[in-house]
Amino acid sequence: MYPDHRVTTTEVTMNWIILIVAGLFEAGFAFCLGKMKGAAGTEYYLWGLGFLISLGLSMTLLGWAARSLPIGTAYPVWTGIGAVGTVVLGILFLNEPVTVARVVFITMLIASIIGLKIAG
């Protein structure tokens with residue numbers, strides 16, 4: 001951005017959407033890592049490629065969103081979305097356990113993400 005560029009409400013809104021997508025790609029690269037654990041041969045490398053693509057997209061979109069969002073808000077929201085998404089994907093596709101404690105803490109994490117959005 002140019003030094004005299006004023007950030008519009010539309011830009012900020014768009015960058016929040018970009019940040020959410022970046023967080024989803026973070027969950028995607030973590031999911032690919034989980035799938036690599038049990039894979040071999042070509043399947044292992046395909047999941048590895050998915051990891052690299054998701055990682056690159058996630059980091060690029062995070063950087064893009066941080067152009068108008070404070071990094072102290074954008075980074076924790078990004079990691080929180082990734083963490084929540086990773087837990088949900090693990091439960092749905094990797095046979096990870098659903099416990100009361102996990103649900104409580106994921107709910108607290110979601111509340112924290114929302115709180116950062118409101119405070120940011």
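What counts, and at which threshold
Residues numbered from 1 in each chain as written. Predicted model: local features only at pLDDT ≥ 70, side-chain atom pairs only at ≥ 80, totals over all residues. Heavy atoms only, no water. Core = buried A, V, L, I, M, F, W, Y, C linked by side-chain atoms within 4.5 Å. Buried < 20%, exposed > 50% of the residue type's maximum accessible area, 1.4 Å probe, protein only. Helix = DSSP H or I, 4+ residues; strand = E, 2+ residues; numbered from the N terminus. Contact = heavy atoms within 4.5 Å. Phe/Tyr/Trp six-rings, centres within 6.5 Å; stacked < 30°, edge-to-face > 60°. Lys NZ or Arg CZ within 6 Å of the ring centre and 35° of its normal. pLDDT = per-residue confidence, 0-100. Expected span 1.5 Å × (residues − 1). Axes fitted to C-alpha atoms, helices over the stretch in contact; angles between N-to-C directions. Parallel < 35°, antiparallel > 145°, perpendicular 65-115°, else oblique. Left-handed = near helix turned anticlockwise from the far one by under 90°. Nonpolar A, V, L, I, M, F, W, Y, C, P; charged D, E, K, R; others polar.

Peer 1: Looking at this model, I keep getting lost on the nonpolar core. Mind explaining?
Peer 2: Side chains that are nonpolar tend, in soluble globular proteins, to be buried together. Counting 15 residues, the largest nonpolar core has Leu19, Leu69 and Val77 as its most contacted members. Sorting the residues of this core by element identifies α1 (9–37), α2 (41–65), α3 (71–93) and α4 (100–119) as the ones contributing at least two each. If one sorts the elements of this core by residue count, α3 sits on top with six residues. Apart from residues lying up to four places away in sequence, Leu69 is in contact with Val12, Asn15, Trp16, Leu19 and Ala74.

Peer 1: Help me understand the packing of aromatic side chains in this model?
Peer 2: Pairs of aromatic rings are described using the distance from one ring centre to the other and the angle between the two planes. Applying the stated criterion across every chain yields a total of five aromatic pairs. Seen in terms of ring centroids, Phe29 and Phe51 are 5.6 Å apart; in terms of plane orientation they differ by 90°. Their pairing is edge-to-face. Placement of the pair is Phe29 in helix α1 and Phe51 in helix α2, with a sequence separation of 22 residues. Taken together through their ring pairs, the aromatic side chains of Phe31, Trp47 and Phe93 make up a single cluster. In this structure, Arg67 packs its charged tip against the face of Trp64, placed 4.3 Å from the ring centre. Above the face of the Trp16 ring, Lys117 is positioned so that its terminal group lies 4.9 Å from the ring centre.

Peer 1: Sorry if this is basic, but what is going on with the confidence of the model for the protein chain here?
Peer 2: Parts of the model with low pLDDT should not have their predicted coordinates read in detail. Considering every residue of the protein chain, the mean pLDDT works out to 92; 95% of them sit at 70 or more. Of all secondary-structure elements in the protein chain, the lowest mean pLDDT belongs to α4, at 91, while α2 reaches the highest, 98.

Peer 1: In this structure, what is going on with α3? I would like to understand it.
Peer 2: Since the α-helix packs 3.6 residues into each turn, any two residues three or four apart lie on the same face. Between its first and last C-alpha atoms α3 spans 32 Å; for 23 residues at 1.5 Å apiece the expected length is 33 Å, and the two agree. Turning to α3, its buried residues are Thr73, Ala74, Val77, Trp78, Gly80, Ile81, Gly82, Val84, Gly85, Val87 and Gly90. Contact partners of the buried residues in α3: α1, α2 and α4. Immediately beyond the C-terminal end of α3, within one or two residues, lies Asn95, with a positive phi of roughly 55°.

Peer 1: Explain the packing of α2 against α3 to me, please; I cannot follow it from the model alone.
Peer 2: The geometry of a pair of packed helices is captured by two quantities: the angle between their axes and the separation between those axes. Interaxial distance between α2 and α3 falls to 10 Å at its minimum, and their mutual angle equals 150°. Here α2 is positioned roughly antiparallel relative to α3, judged by the angle of their axes. Considering the relative orientation of α2 and α3, their crossing is right-handed. Across the interface between the two elements, Ser58, Met59 and Leu62 from α2 touch Ala74, Tyr75 and Trp78 from α3.

Peer 1: Is there a simple way to think about the packing of α1 against α3 in this case?
Peer 2: Closest axis-to-axis distance for the α1/α3 pair is 7 Å, and the angle between their directions is 45°. Taken together, the axes of α1 and α3 lie oblique to each other. Note that α1 runs across α3; the crossing there is right-handed. Listed contacts from α3 to Trp16, Leu19, Ile20, Ala22, Gly23, Leu24, Glu26, Ala27, Ala30 and Phe31 of α1 are Thr73, Ala74, Val77, Trp78, Thr79, Ile81, Gly82, Gly85, Thr86, Leu89 and Phe93. When the residues that make up the contact of α1 with α3 are grouped by side-chain class, the tally is 14 nonpolar, six polar and one charged.

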